Amino acid sequence: MTYAITQTCCSDATCVAVCPVNCIHPTPEERDFAGTEMLYIDPKACIDCGACADACPVDAIFPADTLTGPRKAYVDINAAYYADAEPTEVAEDSPNFHRWGAPVFERTLPADFRPLRVAVVGTGPAGMYTAEDLLLHTGARVTLIDRLPVAGGLVRYGVAPDHPATKKVGDTFARLHDHPRVRMLLGLRVGEDLSVDELAAHHDAVVYAVGASGDRRLGVDGEDLPGSLSATAFVAWYNAHPDVAPDAVDLSAERVVVVGNGNVALDVARILVSDPDDLAGTDIADHALKALRGSRVREVVLLGRRGPEDAACTRPELLALTRLPGVDVVVDDHDPRTAAAIDAAGPHDKAALLRDATRARVDWSAPPPAGRRRIVLRFHSAPLEVVGDEDRGVRAVRVTGAAGGTSLPAGLLLRAIGYRGVPVPGLPFDEATGTVPHEEGRVVGRPGAYVVGWIKRGPSGGIGANRSCAAQTVGTLLADAVADALPAPTGSEKEFRRLARRRNRHVVDARGLASIDRAERALGSGDGRPRAKLATVPELVAAARRRRVRG
């Protein structure tokens, strides 16, 4: 039996590298790789060796005959990718089923190449893929810096708690934390505790992997009313991010409107209507779980400006949404274009996944129906105004529809229309794109400074996309080093560590991070959870110090 790749695929292509018969596509060298939702195994070429499953960092690959329930659909999804593919020609005496390209050696360095001192600012996937590349292919000494006293970035604070397999990529990164050529300085804020110039003065190169922590705005009246939040803040809230207070979200309303239908919007909707008992075994924030247990939310409305054929989410996430236990998915039939697009969709089109969903003209003057919770997908609809006042907060959202707009009574509005990068003091910044101007990762006008991840390319691509992004940036960095184009540092590693601790006496190192990890796992173990996240900076710092002193 062949193997199949399922929903949690991170697309970092680790599986491609270990496949002995080249049956996983698209590969990083192929044009489709940049825009693929996931990778796919060719059932005709797979030899059932299991190498890909062993290498997968997020447990997304399984023997096809073991998949049941909603995941069984991925057998057909994998096969469908190859249904119209032209067979590749190989030599008759070749032991392979697919044609192989010539080997490529991207990290060929001079024999006398000196070890570099590189600082990586940000410990999310982009930063950690960068550190991994440097450690595997060079003798570089890497300083990992993060503004929070705990590592993880997007993996810790961006992945939904009901996607534990996706979070397992963090285990791959964690093995680098105590690497002999790595030093960690967590809780150190570049631009506040120390400047980019001071950072550059102690390293040959600095790679900024700071992500896109901001969010895009709707630009409509009432957007800043109480009860109108960004999905960024909501995700941070249920993931115990220290920047968002435990009481930042009010779930006393029966209906929530989410603007957007990308993967983040689907995450938000799914968490809001999930059975809290199903979330109790995850690493969701304690305050979020308590709030969800007392939640009055019975309906989440997802607004999409365009039709179902253009939904921003991926097929795997939409498929999972339509099969949530105990949750009804309804397509608002207010616009005839919606039904037409679903009916005309081909078997492998995204809109086809909604063919079995209930279609109905929703009566927005009535409260959500009692009983089961539901998600309403309203396409061809955009917000016009958020209605409410400062005292009572959001009361309704007026959206495009009938003449003058349609009013959707709601007590909470979440905008999920995209993340946005924020400036790093001392680096150039493009306000239009929310990114740092660069040339293949090299910061424009700043020798020795580089960018990777969303601050480099904008908020596109999931966890795995950062691997190839990091490879490009590291390649540029090493090319500059070989060309002797990097400014020479004027301070030593020891001087930098002293400077960092002088500027912030609460800096956490690798041992402190390990102490935080042990403390969170111990707190969660009593309730059968993988961990109970500490939700404030003082709690995290105290856990790092307390355990370090005892040890």
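Overview of the structure. Each residue is numbered by its place in its chain's sequence as written, counting from 1. A pLDDT threshold of at least 70 governs which residues receive local features in this predicted model, and a stricter bar of 80 or more applies before side-chain atom pairs are shown or counted, although totals over entire chains, interfaces and linings include all residues. Neither water nor hydrogens contribute to the side-chain values; these are computed over all heavy atoms in the structure.

**Considerations on the overall build of the chain**
Alright, step 1. By definition, any uninterrupted DSSP run of H or I lasting at least four residues is a helix, any uninterrupted run of E lasting at least two residues is a strand, and each is numbered from the N terminus. A tally of helices and strands in the chain yields 19 helices and 23 strands.
Alright, step 2. Just to be clear, the radius of gyration here is over C-alpha atoms, and the globule rule we use is 2.2 Å times residues to the power 0.38. The C-alpha radius of gyration computed for the chain amounts to 24 Å, which stays within 12% of the reference 24 Å derived for 551 residues, consistent with globular compactness.
Alright, step 3. Dimensions of the chain, computed from C-alpha atoms along their principal axes, come out at roughly 70 × 70 × 50 Å.
Alright, step 4. Buried means the residue's accessible area, taken with a 1.4 Å probe over protein chains only, is under 20% of the maximum for its type, while exposed means over 50%, and partly exposed covers the values in between. Buried positions account for 53% of the 551 residues belonging to the chain.
Alright, step 5. Using a 1.4 Å probe, accessible areas were evaluated by the Shrake-Rupley method; residue-level cover was limited to the displayed protein chains. When the accessible surface of the chain is split by element, carbon and sulfur atoms take 51% of a total near 24500 Å².
Alright, step 6. Here the chain carries 66 positive and 72 negative side-chain charges, and the mean point of each set is 7 Å from the other. Charge counting follows a simple rule: Lys and Arg are positive, Asp and Glu are negative, and His as well as the terminal groups are ignored. Working definition for charges: the position is that of NZ of Lys, CZ of Arg, CG of Asp or CD of Glu.

**Re the sheet that holds strand S15 (residues 373–378)**
Alright, step 1. DSSP-based pairing: two strands are paired if at least 2 bridges between them are found. Sheet architecture is open: seven strands sit in the order S10-S19-S11-S12-S15-S13-S14, paired in parallel fashion. Across the chains shown, the open sheet's two edge strands, defined by having one partner strand only, are strand S10 (228–230) and strand S14 (358–360). With strand direction ignored, the average angle separating the axes of adjacent strands in the sheet is 25 degrees.
Alright, step 2. In what follows, a contact means two residues having at least one pair of non-hydrogen atoms within 4.5 Å. Every angle, taken between N-to-C directions, lies between 0 and 180 degrees, and every axis is a line fitted to C-alpha atoms, over only the stretch in contact when it is a helix. On top of the sheet, helix H10 (residues 263–273) reaches strand S11 (255–259), strand S12 (299–303), strand S13 (327–332), S15 and strand S19 (412–415); it is set at about 170 degrees to S12, its chief contact.

**Observations regarding the pattern of salt bridges**
Alright, step 1. Each reported salt bridge corresponds to a side-chain nitrogen of Lys or Arg within 4 Å of a carboxyl oxygen of Asp or Glu. With the rule as written, the count across this model stands at 39 salt bridges.
Alright, step 2. Ionic pairing is found between arginine 114 and aspartate 204, a salt bridge with its closest N-O pair at 3.0 Å. Taken together, the residues span a long stretch of sequence, with arginine 114 in the loop between helix H3 (73–81) and strand S5 (117–121) and aspartate 204 in the loop between helix H8 (196–201) and strand S8 (205–208) at a distance of 90 residues.
Alright, step 3. For arginine 114, a relative accessible area of 43% puts it in the partly exposed group.
Alright, step 4. With relative accessibility at 4%, the residue aspartate 204 sits in the buried group.
Alright, step 5. Linked by salt bridges that have partners in common, Arg156, Asp517, Glu520, Arg521 and Arg531 make up one network.

**What to know about the packing of aromatic side chains**
Alright, step 1. The aromatic pairing rule takes the rings of Phe, Tyr and Trp, using the six-membered ring of Trp, and pairs them if the centres are within 6.5 Å, calling planes under 30 degrees apart stacked, those over 60 edge-to-face and the rest tilted. Per the stated rule, a full pass over the model turns up six aromatic pairs.
Alright, step 2. Ring plane angle 85 degrees and centroid distance 5.0 Å describe the contact between tyrosine 129 and phenylalanine 173, whose orientation is recorded as edge-to-face. On the criterion of sequence distance, the pair formed by tyrosine 129 in helix H4 (residues 125–137) and phenylalanine 173 in helix H7 (residues 169–174) is long-range, its members being 44 residues apart. With respect to class, tyrosine 129 is no different from phenylalanine 173; both count as buried.
Alright, step 3. Where phenylalanine 234 meets tyrosine 238, the ring centres are 5.5 Å apart and the plane angle is 85 degrees; that geometry is what we call edge-to-face.

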